Amino acid sequence: MPGCTAGLFPSPPAAAAPRGVGRGPTAHGTAASSTTCKASLRRLPRAASLSPQAELLQGEPAAASSGRRIDAASPSVGGGSSGAPAAPGTPSTTGSSPGSDGWDNGGESADEGLVVTTFRWPAALGGHEVSVCGSFSDWEPLQLHQASSGGDFVRSVALPPGSAYFKYLVDGDWICSPCEQVVRNGKGYNNHRLVQATASFTWRTTELGGTDVLLTGSFNSWAELVPLCLDPSTGLHTLRCCLPQGDYQFQYFVDGQWLLCPTQPTCLTDQGRLVNSIHVHSPPAFTILYSTGWKGALLHYRFAAPPGQPQQEWQAVAMHSTASRAAPNGGIWLTATVPALPLPHTASHGSARSNGSGGGGGEPAARNGSRHAAPGGEVAGLTVADGSGGEAEQEVPPLDFFFSSPDGSRHDRPAGSDSTYRCLHPGGYKLLRGQLRPFPMATQPPMMLVSDLDGTMVGEGEEADACTRDFAAYWEDNAALAGGVLVYNTGRSLGQFQGLLDWKAGALPVPDVLITAVGTKVWRLDTEGGTRGTAPGTSWQEDHQWARTLDEGWSLEGIRRCIGAVVDGSHGAASWLDNGTEHPHRVCISSRADTTPAITAAIQQRVEAEGLQVKVIVSGTGDWRYIDVTSARAGKLAALEYVRQLYDVQCDRCVAAGDSGNDTLMLGGRNLAIVVGNAQPELVQWVLQQPQEERLVVTDAPMARGILEGLARHGLY
């Protein structure tokens, strides 16, 4: 998983060899006449011809318990349709027969330039039978494989670069994944992905040896073996993948042996296994956010031609809806991404390469301080000086663009009928009220904010409400536009939160996820077939997978007996608040502040005597304290980690914010942390006892304005 170490599944028997499944992958990356991928469904030979430069791994990390090869064939290259895939572990009878060269491509010739992309349905979202259906398959279902019992469902497919629209078919129901971009197009609401090569894996066969080269990694949950294709003219096995920006682990499986590439970085998994690693950068692209009163828009664009070269024809791409609930000037935010022109690159000695901001593995584009005029009109663009006093060669041509309504009857240009907007360099940009401004957040990995509610995000009084409104304005016009995930982590119940949302009358932003009852319940916003931007915000779906994980070591009846005995013996110093009727993995009592230490000690003694595993969490100020007793697997930090992994957010892009003692667990995790300026004394004392590191900041501003200050100090604003 990007940003965190991913574990491997248990190793298969030493004699086990990966099996083929479904169709084999299409040859891609070079011309069909010079590229070879073996399609035979056979036992892989031991690698007697391997060079000593290729380091042999100790033991065999299973790509999956079944060791299956992927279906990397494009199901719809050239517009062809594909039926349902073969059952896992069953060789497909379509296309190439065992022993032949090349992979079946649904009857089409091998397509140069295909990119492998992986579709993932998290197990936490539920379902037993999961398929993906999309524009690339004429909306025919392609079955996903479950990585392990209870694991995520995955399927890797080789597709031509460009936009892919898709949905998941889960136990017979069509569903958009809330963990990926959801947009509205001509077929309603669908997930959307821009397929482009962001990482290239290369095995230099002439030096490292090997005939049959496959790859697996954290990007596909270690569930599939993806073949690399050989170009005999260069002696390179290569694979191009579309991976989101982040950190990944991977291994090569060469002629039946697990190998490390000697020229690539390595790291240890949680299980202590040495594997290769790669950091993937976002490829160069122009991401445009557009504020408009139209219900939809087209982005018309072309790349500026160098002097003396013919100008390109205009192209048009439909703009998509965003997750923002903002209404700028009574309108909406729309977005579109245009990949920059590809830059040449040179393959390295057996390697994996991330196509970073410079494109194709090359150096970042040189900045150009000049202002290019668009043919036939004025340009409203951005100029970035390189600080050298001269002009450097520009590797990516500027992007000229304007907007139109979907039917073409109306146009939006900066000034006059012949003018265009211009972006000189790849990156993120906003266009609001005719002003084009940089928006670098659009090109960065998604950010997740996990905030406490009372005393942190909200408070009582007009000043507190003003803080919350300031945060809402920031979130909807910035983080939500860039795919940010907003999570509230509160001791409130769902009903209490809904009442708070109504009371704040639009000042409090609607979250993507709600964690309630001190981390014992996780709720996802029910978008009711739309997006966060269109959802009413009144309907929530409980995450039952999380509830099941809390059962281990927990007995509600046993906890009630223990707590009941303590309350009965407190002589009025403690009383029940929740006996677990509403939240079966949490009970809550209140106690006088002066007796709280003795009461918590009595609770710990009784539950240990019963052999129960719990967490005891104390919070509150004044004469009385709240005492929450939860499942040992629950808590604000455990729930935060669960949601962070569900949405595939990197640790250094996840930040928790809190103001009281019951926030210390989530503030003390691997994630970034914000303690707001109005924090309670016990939390400030806790901060003073922690290592003084940049991961945790204490703000001057209170409540929601403190969150904004903290995000800025963490570089996430």
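Residues numbered from 1 in each chain as written. Predicted model: local features only at pLDDT ≥ 70, side-chain atom pairs only at ≥ 80, totals over all residues. Heavy atoms only, no water.

A. Quick look at the overall build of the protein chain. Per the secondary structure count, the protein chain includes 10 helices and 43 strands. Per-residue burial over the protein chain gives 56% buried out of 717 residues. Partitioning the intrachain contacts of the protein chain with sequence separation of at least 6 by distance along the chain shows that 72% fall at a separation of at least 24. With an accessible surface of roughly 28800 Å², the protein chain has 50% of that area assigned to carbon and sulfur atoms. (Helix = DSSP H or I, 4+ residues; strand = E, 2+ residues; numbered from the N terminus. Buried < 20%, exposed > 50% of the residue type's maximum accessible area, 1.4 Å probe, protein only. Contact = heavy atoms within 4.5 Å. Areas by Shrake-Rupley, 256 points an atom, 1.4 Å probe, with all protein chains shown as cover.)

B. Representation of empty space enclosed by the protein in the model. Evaluated as defined, the whole model comprises 2 cavities of 30 Å³ or more. Size it by volume and the second largest cavity reaches roughly 30 Å³. M441, P445, P446, M447, A479, A482, G484 and R653 are the residues that line the second largest cavity. (1 Å grid on protein atoms, 1.4 Å probe; cavity = no way out; pocket = protein on both sides within 12 Å on 5 of 7 lines; lining within 4 Å. Points joined across faces, edges and corners; volume = space filled by probe spheres on them.)

C. Broad picture of helix α3 (residues 494-503). Residues of α3 that are buried: F497, Q498, L500 and L501. For α3, the buried positions fall inside an angular range of 160° around the axis, keeping them on one side. Away from the buried face of α3 by more than 90 degrees, exposed residues G495, D502 and W503 are located. Check the buried side of α3 and you find it contacts β33 (485-489), β34 (513-516) and β36 (540-542). (Arc of directions from axis to C-beta.)

D. Local environment of helix α2 (residues 462-479). In this model α2 runs 25 Å from its N-terminal to its C-terminal C-alpha over 18 residues, within 8% of the 26 Å that 1.5 Å per residue would give. When α2 is considered as a whole, its buried residues turn out to be A464, D465, A466, C467, T468, F471, A472, Y474, W475, E476, N478 and A479. Buried residues along α2 sit in contact with β30 (427-432), β32 (448-451), β33 and α10 (703-713). (Expected span 1.5 Å × (residues − 1).)

E. How the structure looks around the nonpolar core. If you look at the biggest cluster of nonpolar residues, it comprises 48 residues, and the most contacted ones within it are Y168, M448 and V643. Ranked by the residues each element gives to this core, the list is headed by helix α7 (residues 636-646), at 5 residues. Counting residues in each nonpolar core, the second largest holds 41 residues, with W475, A480, L501 and A704 among its members. (Core = buried A, V, L, I, M, F, W, Y, C linked by side-chain atoms within 4.5 Å.)

F. Fine view of the packing of aromatic side chains. Counted according to the given criterion, the structure contains 24 aromatic pairs. Judged by centre distance (6.3 Å) and plane angle (70°), the rings of Y290 and W294 are edge-to-face. By relative accessible area, W294 is classed as buried at 13%. Ring geometry for F471 and Y474: centres 6.2 Å apart, planes at 55°, overall tilted. A residue pair is termed a helical-turn pair when its members lie 3 or 4 positions apart in one helix, as F471 and Y474 do in helix α2 at 3 residues. Accessibility assignment for this pair places F471 and Y474 in one class, buried. Among the aromatic residues, those joined into a ring-pair cluster are F119, W121, F136, F166 and Y168. In this structure, K430 packs its charged tip against the face of F439, placed 4.6 Å from the ring centre. Lying over the aromatic face of W503, K504 brings its terminal NZ or CZ to 4.0 Å of the ring centre. (Phe/Tyr/Trp six-rings, centres within 6.5 Å; stacked < 30°, edge-to-face > 60°. Lys NZ or Arg CZ within 6 Å of the ring centre and 35° of its normal.)

G. Up close: the confidence of the model for the protein chain. Across the protein chain, the average pLDDT comes to 79, with 76% of residues at 70 or higher. Counting contacts from residues 1-111, a segment whose pLDDT is below 50, to residues more than four positions away or on other chains yields 306 contacts. Long-range and interchain partners of residues 356-394, a stretch whose pLDDT sits below 50, account for 91 contacts in this model, where long-range means more than four residues apart. (pLDDT = per-residue confidence, 0-100.)

H. Focus on the packing of α2 against α10. Running from N to C, α2 and α10 point in directions that differ by 35°, and their axes come no closer than 6 Å. Contact with α2, carried on its side by E463, A464, A466, C467, T468, D470, F471 and Y474, involves M703, A704, R705, I707, L708 and L711 of α10 and no other residues of that element. Residue classes in the contact of α2 with α10 are distributed as 10 nonpolar, 1 polar and 3 charged. (Axes fitted to C-alpha atoms, helices over the stretch in contact; angles between N-to-C directions. Nonpolar A, V, L, I, M, F, W, Y, C, P; charged D, E, K, R; others polar.)

I. Molecular detail of the pattern of salt bridges. Tallied over the entire structure, the rule returns 25 salt bridges. The salt bridge involving R713 is made with E709; its shortest N-O contact spans 3.1 Å. Of this pair, R713 and E709 both sit in helix α10, 4 residues apart, which is roughly one turn of that helix. Where salt bridges share partners, they join D452, K636 and D663 into one cluster. (Salt bridge = Lys/Arg side-chain N within 4 Å of Asp/Glu carboxyl O.)

J. Looking closely at the sheet that holds β33. On the basis of which strands lie adjacent, the open sheet formed by 8 strands has the order β36-β35-β34-β33-β32-β41-β42-β43 and mixed pairing. Edge strands, defined here as strands with exactly one partner in the open sheet, are β36 and β43 (696-698). For this sheet the average axis-to-axis angle between neighbouring strands, irrespective of direction, equals 20°. Here strand β41 (residues 654-658) pairs with strand β42 (residues 672-675) via 4 bridges, running parallel. Bridging from a neighbouring strand, A656 pairs with A673 of β42. Sitting on the sheet, helix α9 (residues 681-688) is in contact with β41, β42 and β43, with an inclination near 135° to β43. (Pairing = 2+ DSSP bridges.)

K. Region of the structure containing the sheet that holds strand β24 (residues 332-339). The sheet built from 5 strands is open, its strands ordered β23-β24-β20-β30-β31 with mixed pairing. Each having just a single partner strand, β23 (320-321) and β31 (435-438) make up the two edges of the open sheet. Where strand β20 (residues 285-292) meets β30, 5 bridges bridge the pair, whose relative direction is parallel. Bridged to F286 within β30 is G427.

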